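Read off the chains here:
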Amino acid sequence: MTRIADSVIKISGAEEAKIQRQIASNPDAPEATDEQLAKAKPFAEAVPQLAETIRKNLGGRPRSDNPNAAVSIRLDPESSMLSRSKAKAGKAGQMSGRR
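Just so it is clear, the structure is predicted and the values come from calculations on it, not from any experiment. (Residues numbered from 1 in each chain as written. Predicted model: local features only at pLDDT ≥ 70, side-chain atom pairs only at ≥ 80, totals over all residues. Heavy atoms only, no water.)

A. The arrangement of the overall build of the chain in detail. Along the chain, the regular secondary structure elements total 6 helices and 0 strands. The order of helices and strands in the chain, counted from the N terminus, is α-α-α-α-α-α. Going through the 99 residues of the chain one by one, you find that 3% of them count as buried. Accessible area of the chain: about 10200 Å², with a carbon and sulfur share of 54%. (Helix = DSSP H or I, 4+ residues; strand = E, 2+ residues; numbered from the N terminus. Buried < 20%, exposed > 50% of the residue type's maximum accessible area, 1.4 Å probe, protein only. Areas by Shrake-Rupley, 256 points an atom, 1.4 Å probe, with all protein chains shown as cover.)

B. Main features of the pattern of salt bridges. On inspection of all chains with the given rule, the structure shows 1 salt bridge. The shortest N-O distance in the salt bridge between lysine 39 and glutamate 35 comes to 3.5 Å. One end of the pair is lysine 39 and the other is glutamate 35, both in helix 3 (residues 34–39) and 4 residues apart, which spans about a single turn. Across this residue pair, the class does not change: lysine 39 and glutamate 35 are exposed. (Salt bridge = Lys/Arg side-chain N within 4 Å of Asp/Glu carboxyl O.)

Rendered as structure tokens:
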């Protein structure tokens, strides 16, 4: 596992100074002051309706109103049903389960 410290790019003092000058020279994105940071709220607290909408829309498959139940069964390897299915599947060895 890669530690965060191992993946951090180390820069020189001159490069850091250049970055800080570029940050200071950008009027569209000034750094937040200590006063602004003290007033800052978590996103969910500042805009609760939007945060709730985002939480609901995390993506993925929608939940079913009538979900299927997971079922597993153990069969005797010599049972006629299992042997027929294996023979029918051939070398692939996979059964469909649906007929």
